[in-house]
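One-letter residues, chain by chain:
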Amino acid sequence: MLWRRYRVCRTRGVGLAPCLRTASGSSVPAAGVDEVLGEENERRVRAVLEERQRRYPDDDRARLGAVLVPLCTRHGQPSVLFTRRSRVLLSHRSEISFPGGRLDEAADGGDFVRAAVRECCEEIHCHPDSIDVWGAVAGNPHRTVTSRYLVKPVIANVGRFEDLQANFIQNAEVQSLHTASFRHLSDPANQHFTVFKMTKPTAKVDKYFAPAYSHPEFYIWGLTAFILKMVLPILNPSCRHKVESHYFK
């Protein structure tokens, strides 16, 4: 089932949840936006990811890919790092994305974390030792319908953006690095949705709401926005997207 982008819409804000709940139903403290990268929140996120991994085993029938969701600081502000894909690529040229790609059996041994770290190092020219992995995100990973491609996000702290930018060299895959702060991403004014129209609609549904985020320097949509919407509430509940994704007619 294929999709094409239909239009971009803005919506009004809604209330945001003050805490996360674990699979067992117990509440966990919500860190403030400025404490997202703090040690206490890191321990909480690691515990949440471990519990999700136990509850949602991987689907071994799908082709596998992984992306790194790089957390960083920019001017001291907790932020998320993005890459802008090269304009010379054949697909998704110049789009905002996370570093990532297919699992390489020889290099990764079927390990999502190893694949995400390897791809990140190749794309933004950082050293593996500078990547502090918090864990992989299990449960409802995005799958492209036509290729049965399962893409698993891996959350990691990659340090200061200023250091990454100083070492970055434009390459065949990535033309530039960008960031968005957690404060920016949690602001409902910067949260939007794209309507995709199904090329093979059914009698009940023919469109789909997909999340999107705006920024003065770029626009986030597609798979990157789906992953961002899934990961941000784990890191901080105030970053929950105001629009739920669903099919409609």
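Residues numbered from 1 in each chain as written. Predicted model: local features only at pLDDT ≥ 70, side-chain atom pairs only at ≥ 80, totals over all residues. Heavy atoms only, no water.

**Thoughts on the overall build of the chain**
What counts, and what does not: To qualify as a helix, a DSSP run of H or I must reach at least 4 residues; to qualify as a strand, a run of E must reach at least 2; elements of each kind are numbered from the N terminus. Each residue is assigned to one of three classes by its accessible area relative to the maximum for its type, calculated with a 1.4 Å probe on protein chains only: buried under 20%, partly exposed between the two thresholds, exposed over 50%. Residues are treated as being in contact if the distance between any of their heavy atoms lies within 4.5 Å.
Looking only at helices and strands, the chain features 6 helices and 15 strands. Counting across all 249 residues of the chain, residues that qualify as buried make up 49%. A separation threshold of at least 6 residues defines the contact pool for the chain, and within that pool the share at least 24 residues apart is 69%.

**A closer look at unusual backbone geometry**
Unusually for a residue other than glycine, His75 sits at a positive phi of about 55 degrees. With respect to the element layout, His75 can be found in the loop between strand S4 (63–74) and strand S5 (77–85). Judged by its relative accessible area of 67%, His75 is exposed. A positive phi angle is found at His125, which is not glycine, with a value near 60 degrees. Of note, His125 is situated in the loop between helix H3 (112–124) and strand S8 (132–136).

**Brief notes about the nonpolar core**
Heads up, the condition is: The criterion is simple. A nonpolar core is a set of buried Ala, Val, Leu, Ile, Met, Phe, Trp, Tyr and Cys residues joined through side-chain atoms within 4.5 Å.
Counting residues in each nonpolar core, the largest one holds 32 residues, and the members touching the most others are Leu71, Val80, Phe82, Phe182, Leu228 and Leu235. For this core, the element with the most residues is helix H6 (residues 222–235), which contributes 8 residues. In terms of nonpolar packing, the next biggest core, distinct from the first, is built from 24 residues, Ala66, Leu103, Ala115 and Ala136 among them.

**Focus: the side chain of His178**
The cut-off we apply is this: Two N or O atoms count as a polar contact when they lie within 3.5 Å, although within protein this holds only if one can serve as hydrogen donor and the other as acceptor, and sequence-adjacent residues are included solely when both atoms are side-chain atoms.
Note on placement: His178 falls in strand S11 (residues 174–181). Note on His178: relative accessible area 11%, which makes it buried. Separated by 2.8 Å, the side chains of His178 and Ser176 make a polar contact. Looking at His178, its side chain comes within polar contact range of the side chain of Glu217, at 3.3 Å. If we skip the residues at most four places from it in the chain, His178 touches Val80, Leu81, Phe82, Arg84, Ile96, Phe161, Glu217 and Phe218.

**Focus on the packing of aromatic side chains**
Keep this limit in mind: Geometry of aromatic contacts follows a simple scheme: Phe, Tyr and Trp rings, the Trp one being its six-membered ring, pair when their centres are within 6.5 Å, and the pair is stacked under 30 degrees between planes, edge-to-face over 60, tilted otherwise. Ring-over charges, as used throughout, are those where CZ of Arg or NZ of Lys falls within 6 Å of the ring centre and within 35 degrees of the ring normal.
One pass over the structure, following the stated rule, counts 4 aromatic pairs. Chaining the aromatic ring pairs together yields one cluster made of Phe82, Phe98 and Phe218. Positioned over the ring face of Phe112 is Lys152, at 4.6 Å from the centre of the ring.

**Quick word on the pattern of salt bridges**
Where we set the bar: Salt bridge, as used here, is a side-chain nitrogen of Lys or Arg placed within 4 Å of a carboxyl oxygen of Asp or Glu.
A full pass over the atoms with the stated rule returns 9 salt bridges. Residue Glu42 pairs with Arg46 through a salt bridge whose shortest N-O separation is 2.9 Å. Here Arg46 and Glu42 lie together in helix H1 (residues 39–55), a separation of 4 residues that amounts to about one turn. Exposure remark for Glu42: the relative accessible area of 16% places this residue in the buried category. Judged by relative accessible area, Arg46 falls into the partly exposed class, the value being 27%. Linking Arg118 and Asp108 is a salt bridge whose minimum nitrogen-to-oxygen distance equals 2.7 Å. Of this pair, Arg118 sits in helix H3 while Asp108 is found in helix H2 (residues 105–108), placing the two residues 10 residues apart along the sequence.

**Overview of H3**
Put simply, the rule reads: Take the residue count of a helix, subtract one, and multiply by 1.5 Å to get its expected span.
Here H3 contains 13 residues, and its C-alpha end-to-end distance of 18 Å stays within 8% of the 18 Å for a straight helix at 1.5 Å per residue. Counted residue by residue, H3 has 10 buried out of 13 residues, so it is predominantly covered. In the segment just after H3, His125 is the residue with positive phi, at about 60 degrees.

**A look at H1**
The periodicity of an α-helix, 3.6 residues per turn, causes residues three or four positions apart to be oriented the same way. Compared with an ideal rise of 1.5 Å per residue, which puts 17 residues at 24 Å, H1 spans 25 Å between its outermost C-alpha atoms and is within 8% of the ideal. Where H1 is concerned, the buried positions are Asn41, Glu42, Arg44, Val45, Val48, Leu49 and Glu51.

**Quick notes on the environment of Leu68**
Among the secondary structure elements, Leu68 is positioned in strand S4. Overall, Leu68 belongs to the buried group, its relative accessible area being 0%. Note: C-alpha distance between Leu68 and Val154 (86 residues apart in sequence) is 4.8 Å. If we skip the residues at most four places from it in the chain, Leu68 touches Phe98, Pro99, Ala116, Val117, Cys120, Ile131, Val154, Ala156 and Val158.

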